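Observations on the model geometry
What follows is the residue order along each chain.
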2 protein chains.
Amino acid sequence: MFQQIKTMFSKSCEYAIKAMIFVAQKSKEEQRVGIKEIAKGTDAPEHFMAKIMQDLSRRKLIHSAKGPNGGFYMDASDLKNSIADIVKAIDGDTIYKDCVLGLKVCSEKNPCPVHFEFKEIKKNLIKMIENNTLAAFNEKLDSGKFFLRNK
Amino acid sequence: MFQQIKTMFSKSCEYAIKAMIFVAQKSKEEQRVGIKEIAKGTDAPEHFMAKIMQDLSRRKLIHSAKGPNGGFYMDASDLKNSIADIVKAIDGDTIYKDCVLGLKVCSEKNPCPVHFEFKEIKKNLIKMIENNTLAAFNEKLDSGKFFLRNK
DNA sequence: ATAATAAAAGAGTTTTTTATCTTTTATTAT
DNA sequence: ATAATAAAAGATAAAAAACTCTTTTATTAT
Ligand code: FES
Ligand code: FES
């Protein structure tokens, strides 16, 4: 196999998380953010990102407005969304319930050989993505100490 | 987005882990396991699994023999391989070094907004897959208490 | 030597994911 | 009302992953 890339989340989901963090940061003062700005600010392909934003919008994780001065924005309640909510919206809730080896059922009664080993890991992962809301990121990281762009 | 499936590992990697556990179990007494038996025992498509076994074999994670009475088998040193070795062979080592959001660099000096939150999770995940060798599984799970098939 | 066996290799196809391009719809400002 | 703006939607296209089928090579047993 060659330089294959398998990340924890899908590309779409990576973009979604980046975009949500990006808009969250700008949404502190009623600012609306256009798709072009989002794409640039996150190094994502514009039209692809547009599709993802439509998804997020349909799933009520973010607000949008058409027309002049339009764009995407978040209200206080949107900022309460967690990384987990984004992941669930885009990649689904498979990390919550699916067997790590892809078996049809994952349960204590029907465990695959890695079930018990992964149980703890999954629990921590889920706790982490659920505890980290966009608001929390905003608060924590308001001082240029983290990055979204690549270059 | 529709019923999308994003698991921790690629499908190929899931199959690889299943196959390795399956052969490990049978390899305790010098038994060789044919590709058909492996595919059946793990609910994987035969020819696809064959490709994966070729990979694993090329990467020296398993032994194989052609011709009559041929098949795949493991020696003592093969049994020392961990889940991590399988994952690295098939999905690469991206979980070791890559940014969860897909940024080009992942480091303490250039952290993405989720870097520090994921650091701990990743550490635990890595520790877990490295500590779990096939031999350990064999020892631990020798009594029909876990499953690889789906039905 | 020959036939049978089973993995290795090669050459596809199909499906899913990622990405691009175009048209439509809604909103705002003039 | 009209023009400008920007998201929504639709329709393809390209790339990657998953899967299938066929041929070749190595090994064993007769
Ligand atoms: S059965 Fe495989 S992780 Fe639970
Ligand atoms: S920079 Fe994103 S996880 Fe390290």
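Residues numbered from 1 in each chain as written. Chains lettered and ligands numbered in written order. Predicted model: local features only at pLDDT ≥ 70, side-chain atom pairs only at ≥ 80, totals over all residues. Heavy atoms only, no water.

1. Focus on the packing of helix H1 (residues 11-26) of chain B against helix H4 (residues 83-91) of chain B
All names here are of chain B.
- As a packed pair, H1 and H4 sit with axes 9 Å apart at the nearest point and diverge in direction by 140°. Accordingly, the angle class assigned to the pair H1 and H4 is oblique. Where H1 crosses over H4, the two elements pack in a sense that is right-handed. Note on element contacts: H4 touches H1 through Ile-83, Ile-86, Val-87, Ile-90 and Asp-91, opposite Ser-12, Cys-13, Ala-16, Ile-17 and Met-20. (Axes fitted to C-alpha atoms, helices over the stretch in contact; angles between N-to-C directions. Helix = DSSP H or I, 4+ residues; strand = E, 2+ residues; numbered from the N terminus. Parallel < 35°, antiparallel > 145°, perpendicular 65-115°, else oblique. Left-handed = near helix turned anticlockwise from the far one by under 90°. Contact = heavy atoms within 4.5 Å.)

2. What to know about the packing of aromatic side chains
Residue and element names in this part refer to chain B.
- Enumeration over the complete set of coordinates arrives at four aromatic pairs over all chains.
- An angle of 85° between the planes, with centres 5.8 Å apart, marks the rings of Tyr-15 and Phe-48 as edge-to-face. You can see Tyr-15 sitting in helix H1 and its partner Phe-48 sitting in helix H3 (residues 46-58), a full 33 residues away along the chain. (Phe/Tyr/Trp six-rings, centres within 6.5 Å; stacked < 30°, edge-to-face > 60°.)

3. Details of the side chain of A:Lys18
- Mapped onto the elements, A:Lys18 comes out in helix H1 (residues 11-26).
- Although A:Lys18 lies buried, it forms no salt bridge, and the closest oppositely charged side chain, A:Glu14, sits 5.7 Å away as judged by the N-O distance.
- The residues contacting A:Lys18, other than those within four sequence positions of it, are A:Thr42, A:Leu148, B:Leu101 and B:Leu103. (Buried < 20%, exposed > 50% of the residue type's maximum accessible area, 1.4 Å probe, protein only. Lys, Arg positive; Asp, Glu negative; His and termini not counted. Salt bridge = Lys/Arg side-chain N within 4 Å of Asp/Glu carboxyl O.)

4. Quick look at the environment of A:Asp85
Residues and elements named next belong to chain A.
- Counting through the fold element by element, Asp-85 comes out in helix H4 (residues 83-91).
- Linking Asp-85 and Arg-59, residues 26 residues apart in sequence, is a C-alpha distance of 9.9 Å.
- In this structure the side chain of Asp-85 is engaged in a polar contact, spanning 2.8 Å, whose partner is the backbone nitrogen of Ser-82. (Polar contact = N/O pair within 3.5 Å; in protein donor to acceptor, adjacent residues only side chain to side chain.)

5. A word on the packing of helix H2 (residues 35-42) of chain B against H3(B)
Residues and elements named next belong to chain B.
- H3 packs onto H2 with a crossing angle of 110° between their chain directions and a minimal axis gap of 9 Å. Comparing their axes, H3 and H2 come out roughly perpendicular. Classified by chirality, the crossing of H3 by H2 is right-handed. Between H2 and H3, the contacting residues are Ile-35, Lys-36, Ile-38, Ala-39 and Thr-42 on the first element and Glu-46, Met-49, Ala-50 and Met-53 on the second.

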